[in-house]
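# Survey of secondary and tertiary structure
Here is what each chain is made of, one letter per residue.
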Amino acid sequence: MGKKILITGGLGLLGKPLVSFLRKKKNSIYVLDKSKNKKKNKLINKNGISFVYGNFQNKKLLKKIIKKKRINIIFHTGAITQVLESLKNPYVTYKNNIMGTINILECIREIDPSILFIYSSSDKAYGEIKKKNYLEGDNLNSVYPYDLSKTCSDLICQSYGKVYNLRVAIVRCGNLYGPGDFNKNRIIPETIISAIKNKRLQIRSSGKLVRDYLYVDDAVRAYYMIMDKMIHNNKKKIFIYNVGSKDNLSVIKLVRLILSLMKKNNLKPNILNKSKQELKFQKLNDNKIRRELGWRQKFSLTTGLRKTIDWYKKNHSFFKG
Ligand SMILES: NC(=O)c1ccc[n+]([C@@H]2O[C@H](COP(=O)([O-])OP(=O)(O)OC[C@H]3O[C@@H](n4cnc5c(N)ncnc54)[C@H](O)[C@@H]3O)[C@@H](O)[C@H]2O)c1
């Protein structure tokens, strides 16, 4: 039988395809997002999906939705996600990302502790660990505001599982990319948009930062498999999974690959080496999700980038100016 699912941040890069995927599986979907961006809103097929334009920091609103719609499952993908924005506004980031998460957990605790809660944590929650790759059992040890907001919320979710018996899943993905990302300052959209405009890209970092890059549809499948596991294993309280990628590379290599796929090799990027407050190396070990759930990365970096580039070419009018 279909579930009643609430998705926060349903207009984000991850939220949009997650909403469509869950809808196709015949669930009833309720989206809570505060973005009134008309372009973002246009991109989602609203058939069979209920939208609430509101803030998950508003507990009264959350309670109303969860009770009235008899929600069984909550995916909490909504967050302030921009590393530089968080560096400038740590208070706002902590309040939104940490207190917002607590708000939802509290609603579940008060209304019905059997509601499943699936939290979008991140590889950034680990901070920088000096080892080849990160395992789910490693300590979370971050420093910068966005990263720390993820670490704190991740630990708080675990605490609600241990102390109040809530059923929580924590999903730690590497860097996601794909169609419909409106965060123009992320390296993949920024490179593509500047190449479409025939402009040289200004890379803020040294270009040497290394990350896992995962196409968003691969992440959506991982979220779905984790939800399914929670439904079928109703004894376990806490589920934690890394979702990594075979494609682990530096910013400069990634940028060169995008430019070559777009046949814009002439637009040599300019490395500013200005932003120093970022993690240098991240690599997730995702053996656990592959072993336990049979998850596999289906999209290679080249295939995923081609799809993403096509989307930005078709929708470049969204990013004029
Ligand atoms: N994109 C990545 O590379 C990546 C990697 C690992 C983890 N994550 C995590 O996955 C989740 C989704 O990431 P994304 O890339 O889709 O983000 P995004 O920035 O594209 O979307 C986030 C959405 O959350 C909404 N939102 C923020 N605060 C809100 C609030 N208080 N109330 C209601 N809506 C609010 C925004 O309006 C936005 O539509 C985030 O929690 C992020 O930390 C992202």
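Residues numbered from 1 in each chain as written. Predicted model: local features only at pLDDT ≥ 70, side-chain atom pairs only at ≥ 80, totals over all residues.

We now examine the packing of helix H1 (residues 15-24) against helix H8 (residues 216-232). Remark: H1 packs on H8, axes separated minimally by 9 Å, with the N-to-C direction vectors making an angle of 50°. With respect to H8, the axis of H1 lies oblique. As H1 runs across H8, the sense of the crossing is right-handed. Facing H1, whose interface residues are Pro17, Leu18 and Phe21, H8 presents Val216, Asp217, Val220, Tyr223 and Tyr224. The residue inventory of the contact of H1 with H8, partitioned by class, reads seven nonpolar, no polar and one charged. (Axes fitted to C-alpha atoms, helices over the stretch in contact; angles between N-to-C directions. Helix = DSSP H or I, 4+ residues; strand = E, 2+ residues; numbered from the N terminus. Parallel < 35°, antiparallel > 145°, perpendicular 65-115°, else oblique. Left-handed = near helix turned anticlockwise from the far one by under 90°. Contact = placed C-beta atoms within 7 Å. Nonpolar A, V, L, I, M, F, W, Y, C, P; charged D, E, K, R; others polar.)

The next thing to look at is the site of the ligand. In the neighbourhood of the ligand, 28 residues make up the surrounding shell, with Gly9, Gly12, Gly78, Ala79 and Ser120 lying closest. For the shell around the ligand, the secondary-structure elements that each account for two or more residues are strand E2 (28-33), helix H5 (90-111), strand E5 (116-122) and strand E7 (175-177). Classifying every residue of the shell around the ligand by side-chain character gives nine nonpolar, 16 polar and three charged. (Near = placed C-beta within 6 Å.)

Next up on the list: the domain arrangement of the protein. For an interface, size is often stated in terms of accessible area lost upon the parts coming together. Per the domain assignment, the segments making up the protein are domain 1 (4-176 + 215-243) and domain 2 (179-211 + 246-282 + 298-319). Distance from the C-alpha centre of domain 1 to the C-alpha centre of domain 2: 25 Å. Contacts between the two partners involve 21 residues from domain 1, matched on the other side by 17 residues from domain 2. Taken together, the elements giving at least two residues each to the side of domain 1 that touches domain 2 come down to helix H2 (38-42), helix H4 (83-88) and H8. (Domains from an automatic or database assignment.)

Bringing the pairing of strand E9 (residues 210-215) into the picture now. The element E9 is extensively covered by neighbouring structure, given that five of its six residues are classed as buried. Sheet analysis places E9 next to strand E11 (residues 248-250), joined by three bridges and oriented antiparallel. Counted as the bridge partner of Val210 is Ser250 from E11. (Buried ≥ 20, exposed ≤ 12 C-beta atoms within 10 Å, placed from the backbone. Pairing = 2+ DSSP bridges.)

The next subject is helix H9 (residues 251-261). Turning to H9, its buried residues number three or more, namely Val251, Leu254, Val255, Ile258 and Leu259. Along the long axis of H9, the arc covered by the buried residues comes to 135°, so they all point the same way. Lining the buried residues of H9 we find helix H7 (187-196), strand E8 (202-203), E9, E11 and helix H11 (301-314). Where H9 terminates, the next one or two residues include Lys263, which has phi positive at roughly 55°. (Arc of directions from axis to C-beta.)

Ile74, Phe117, Ile118, Val171, Ala219, Tyr223 and Ile226 are the most contacted members of the largest nonpolar core, which has 70 residues in total. The element best represented in this core is H8, accounting for seven residues. When residues are assigned to domains, this core turns out to be shared by domain 1 (4-176 + 215-243) and domain 2 (179-211 + 246-282 + 298-319), each giving three or more. Apart from residues no more than four positions distant in its own chain, Tyr223 is found in contact with Leu18, Phe75, Ile118 and Val171. In this structure, Tyr126, Tyr134, Leu140 and Leu284 belong to the second largest nonpolar core, which totals five residues. (Core = buried A, V, L, I, M, F, W, Y, C linked by C-beta atoms within 7 Å.)

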